[in-house]
Amino acid sequence: MRTKLRHVLQIALASFFFATACSEEESAPPVLEVHPSSITMNHREGSTVLAINGNVEWNLQSNRSWCVPEQLSGNGEAMVTILIQENTNDADRNAKLVVTGGNLTREIQVTQSGISASIDSTYLYFPAEGGEKQFTIYANREWEIVNSNDWLHFTPESGQDTSQVTVKTDANTGYEPRSAIINIQCGSINRQIAIEQGGIPLDAYADGEVRLYDENDAGNPVKIVFMGDGFTQEDLAKGGAYDQAMEEAIDAFFSTEPYPTYRDYFAPYIVYAESEERGISMFRKEGDKEIYTSEKSTAFKVRKENGYSTLMNGDLNKIWEYAHKVPGLEDTKTTIVVVSNSTPYAGTCYHWGDGRTVSLIPMNRDANPPGGFDHLITHESAGHGFGRLDDEYSGYGYGTLPESEAQALANHHKSGQFWNVTAVRDTAEVYWSAFIGREGYEHVGFYEGAHLYDFGVWRCEEHSCMINNIHYFSVASRMAIVERLKTIAGETFDLEDFISKDKQKAPTTDQLNGSYTMPLYQYPPATPPIFVDESVRR
């Protein structure tokens, strides 16, 4: 009897625990987990796996036809393959996978990149004799070069992903240049590269060749050296782009009094410099470093700062090396004008404090001052360069001239430059004192504002090329220019002789009406002269 009772109790306990376990299983919370939570695919056709973990029945849906799950429902755990079709467009695209079950929802974001294609150069130039150059195609799929020009050869002509391509041109045996636009097809993307080849020059100057532009009867002529940067071999043809640019620069240099009156004192020389590419490089400043934003292979590496700036620089040592090809050149008596084969509004003059100057000028094509190639030449080369004149503009918030700048200005005067401005308002001592109150010069006096500063520094006339690049120099500037050319020519400056030959004593109405026809914000202030030897300021 006791044994039978024990058996009954064992059965009852077993039944209790079984019933308890079943109850706990039935009351367990629903679980639905997915991995990964987001999927990123490249543009190519492919597949990936989505892991589903849980204890519920689930359904899987996609909202895009190009993103297809192989399994749309299940119970518990599963590894589902997701098929991705090829993206033939250049834009990325997105899809959403949604897993639902047990009142739970899980979303998976799917991103597929588009095809991409770019090239690191959109223009290549070849000389008439032909040659080889390289460019790089950056792509993430197959690409093909479409070329129907028998004088152009590409290796390879097609490929996949990023590749370097070699371009070879046959020699151009004609005198005319030739060009082609080459298409690079990458799926639905088309990229183009322009290729130009020069023709055989009819008759060209050699790199480094020197030409005296004007014969001069003066016993000791004042030499001005003109040269260009960013002009190719084709441009050096006699009468070609280089000659035209130099002639325009020389005419501009001698366009404003007193230069036309004293032109016979000067001997302008042209030095020819061949560049591999046309144009100008651009850079931005990062601390003391210059970072190229675009680079051209030019003879003197002339470049301009990006943005609201007129600053230019270049390889000054090489510029002087070419200038010294002019026979009998004396550095301290030399003004060099370098014309950049480009058109931004810019210009910078470099001084050594002893008479040597180099001005870098682009061929800006604005119609009116302060823009325009001829106005920039007048200001930078004829004014800062040969005349060793200071800027006379103000109004940019510099305020009152500090004592340190007043002392620097006095040091400039001791070095024989910047005579057109003064920090001392002394009628008897100022450089232009002989013209204050003189008949014909009634407008000469003291006009506050110059040397960038609004107060504490004066110029002698209200209007001047050194303010806004008009074709008019103040009397102090004209006198400083003539005094310097007389000294270089070995003659003695005579005030009365200067006055007798002073042809333009005030700006014309046309000269004044032509200034600042564009908004001031479009024209940043001209870069002040940069002194290579800063000791001249101390």
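Worth saying up front: this structure is predicted, and the values here are computed from it rather than measured. Per chain, residues are indexed from 1 in the order of the written sequence. Under the rules for a predicted model, residues below a pLDDT of 70 receive no local features and side-chain atom pairs below 80 are neither given nor counted, while totals for whole chains, interfaces and linings still include all residues. Hydrogen atoms and water are omitted, and side-chain values are computed over all heavy atoms in the structure.

1. Thoughts on the overall build of the protein chain
Step number 1: Each helix corresponds to a stretch of at least 4 residues labelled H or I by DSSP, and each strand to a stretch of at least 2 residues labelled E; elements are numbered beginning at the N terminus. Along the protein chain, the regular secondary structure elements total nine helices and 32 strands.
Step number 2: Computed over C-alpha atoms, the radius of gyration of the protein chain comes to 38 Å, more than 25% over the 24 Å expected from 2.2 N^0.38 for 538 residues, which places it beyond the range of a compact globule.
Step number 3: C-alpha extents for the protein chain along the principal axes are approximately 150 × 65 × 40 Å.
Step number 4: When each of the 538 residues of the protein chain is scored for burial, the buried share is 47%. Radius of gyration means the value over C-alpha atoms here, while the globule rule gives 2.2 Å times the residue count to the 0.38 power. Relative accessibility thresholds used throughout: buried, under 20% of the residue-type maximum; exposed, over 50%; partly exposed, between the two (1.4 Å probe, protein chains only).

2. Brief notes about the nonpolar core
The nonpolar side chains of soluble globular proteins are, as a tendency, buried together.
Step number 1: Residues Met-227 and Phe-386 are the most contacted members of the largest nonpolar core, which totals 83 residues.
Step number 2: Considering every element that reaches this core, the biggest residue donor is helix α7 (residues 475-488), with eight residues.
Step number 3: Discounting chain neighbours no more than four positions away, the residues touching Met-227 are Tyr-242, Met-246, Val-271, Phe-300, Ile-319, Tyr-322, Ala-323, Ile-336, Val-337, Val-338 and Val-339.
Step number 4: Working definition of a nonpolar core: buried Ala, Val, Leu, Ile, Met, Phe, Trp, Tyr and Cys residues. They are joined through side-chain atoms within 4.5 Å. Counting residues in each nonpolar core, the second largest holds 22 residues, with Trp-151, Val-165, Ile-184 and Ile-189 among its members. Note on contacts: a residue pair is in contact if any heavy atoms of the two residues lie within 4.5 Å.

3. Brief notes about the pattern of salt bridges
Step number 1: Whenever Lys or Arg places a side-chain nitrogen within 4 Å of a carboxyl oxygen from Asp or Glu, that contact is recorded as a salt bridge. Throughout the structure, instances matching the rule amount to 20 salt bridges.
Step number 2: A salt bridge links Glu-196 to Arg-278; its shortest N-O distance comes to 3.9 Å. Taken together, the positions of Glu-196 in strand β18 (residues 189-197) and Arg-278 in the loop between β21 (266-271) and β22 (281-286) put the pair 82 residues apart, joining distant regions of the chain.
Step number 3: On the basis of relative accessibility, which here comes to 21%, the residue Glu-196 falls in the partly exposed class.
Step number 4: Salt-bridge contacts for Arg-278 lead to Asp-235; the nearest nitrogen and oxygen are separated by 3.0 Å. Of this pair, Arg-278 sits in the loop between β21 and β22 while Asp-235 sits in the loop between β20 (222-229) and α2 (241-253), placing them 43 residues apart in sequence.

4. A look at unusual backbone geometry
Step number 1: Of the consecutive residues Thr-155 and Pro-156, the connecting peptide bond is found in the cis state with omega at -5°.
Step number 2: You can see Pro-156 is positioned in the loop between β14 (152-155) and β15 (158-160).
Step number 3: The omega torsion across Pro-369 and Pro-370 is 10°, close enough to zero to call that bond cis.
Step number 4: Along the chain, the position of Pro-370 falls in the loop between β28 (357-362) and α4 (373-386).
Step number 5: Phi at Lys-301 takes a positive value of approximately 55°, unusual for a residue other than glycine.

5. A look at a nonpolar patch on the surface
Step number 1: Each patch is built from residues lacking any salt bridge and having more than 30% relative accessible area; the joining distance is 9 Å for like charges and 5 Å for nonpolar side chains (Val, Leu, Ile, Met, Phe, Trp, Tyr). All accessibility values rest on the Shrake-Rupley procedure with a 1.4 Å probe; residue burial counts only the protein chains present in the view. On the surface, Tyr-175, Ile-200 and Leu-202 cluster together into a nonpolar patch covering about 350 Å² of accessible area.
Step number 2: Mapping Tyr-175 onto the fold places it in the loop between β16 (163-169) and β17 (178-186).
Step number 3: What makes Tyr-175 exposed here is its relative accessible area of 54%.

6. Quick notes on the confidence of the model for the protein chain
Step number 1: pLDDT runs from 0 to 100 and stands for how confident the predictor is about each residue. Summary statistics for the protein chain give a mean pLDDT of 90 and a share of 92% for residues scoring 70 or more.
Step number 2: Predicted confidence is poor over residues 1-6, with pLDDT under 50, and the contacts of this stretch with residues over four places away or in other chains come to zero contacts.
Step number 3: Within the model, the stretch residues 8-25 combines pLDDT values under 50 with zero contacts to residues more than four positions away or in other chains.

7. Brief notes about the environment of Thr-162
Step number 1: Mapped onto the elements, Thr-162 comes out in the loop between β15 and β16.
Step number 2: Distance from Thr-162 to Asp-354, taken between C-alpha atoms, is 54 Å for residues 192 residues apart in sequence.
Step number 3: Ignoring anything within four residues of it in the chain, the contact list for Thr-162 reads Thr-136, Ile-137, Tyr-138 and Ala-139.

8. Here's the deal with the packing of α4 against α7
Step number 1: Helix axes are fitted only over the stretch in contact, all axes being lines through C-alpha atoms; the angle between N-to-C directions runs from 0 to 180 degrees. One way to put it is that α4 packs onto α7 with a least axis distance of 10 Å and a crossing angle of 65°. When α4 is examined against α7, the residues Ala-382, Gly-385 and Phe-386 are found in contact with a partner set consisting of Ile-481, Arg-484, Leu-485 and Ile-488.
Step number 2: By the convention adopted, Pro, Cys, Tyr, Trp, Phe, Met, Ile, Leu, Val and Ala count as nonpolar, Lys, Arg, Asp and Glu as charged, and the other residues, Gly among them, as polar. Residues that form the contact of α4 with α7 fall into these classes: five nonpolar, one polar and one charged.

9. Observations regarding the pairing of β14
Step number 1: The side-chain alternation of β14 yields one buried face, formed by Leu-152 and Phe-154, and one unburied face, formed by His-153 and Thr-155.
Step number 2: Pairing of β14 with β16, which is carried by four bridges, proceeds in the antiparallel orientation. Residue pairing in the sheet places Thr-155 in a bridge with Thr-166 of β16. For two strands to be treated as a pair, DSSP must find at least two bridges joining them.

10. Digging into the sheet that holds β21
Backbone hydrogen bonds hold the strands of a sheet together, and the pairing may be parallel or antiparallel.
Step number 1: Ordered by their spatial adjacency, seven strands build an open sheet running β19-β21-β20-β26-β28-β27-β32, and the pairing between neighbours is mixed. Where the open sheet ends on each side, the last strands, each with one partner, are β19 (210-212) and β32 (530-531).
Step number 2: Lying over the sheet, α2 contacts β19, β20, β21 and β26 (335-340), oriented at roughly 140° with respect to β20.

11. So, the side chain of Asn-313
Step number 1: Relative to the assigned elements, Asn-313 resides in strand β25 (residues 312-313).
Step number 2: We classify Asn-313 as buried; its relative accessible area is 9%.
Step number 3: There is a polar contact of 2.6 Å between the side chain of Asn-313 and the side chain of Glu-290.
Step number 4: Apart from residues lying up to four places away in sequence, Asn-313 is in contact with Phe-283, Glu-290, Lys-301, Val-302, Arg-303, Tyr-350 and Leu-360. Any N or O atom pair separated by 3.5 Å or less is treated as a polar contact, with the protein-specific requirement of one donor-capable and one acceptor-capable atom, and with residues adjacent in sequence counted only for side-chain atom pairs.

12. Regarding helix α3 (residues 316-323)
Step number 1: For α3, the complete set of buried residues consists of Leu-316, Ile-319, Trp-320, Tyr-322 and Ala-323. Projected down its long axis, α3 carries its buried residues within an arc of 160°, all on one side.
Step number 2: Looking at the buried residues of α3, the elements they touch are β20, β21, β26, β27 (348-351) and β28. Think of the arc as the fan of directions from the helix axis to the C-beta atoms.

13. Concerning the sheet that holds β18
Step number 1: Taking strand neighbours across the sheet as the criterion, the five strands line up as β11-β18-β17-β13-β15 in an open arrangement whose pairing is mixed. The sheet is open, and its two edges are formed by β11 (123-126) and β15, each paired on a single side. Between one strand axis and the next, the sheet turns through 20° on average, direction left out of account.
Step number 2: In this sheet, β18 lies alongside β11 in parallel orientation, the contact comprising four bridges. Paired with Tyr-125 across the strands is Glu-196, a residue of β18.

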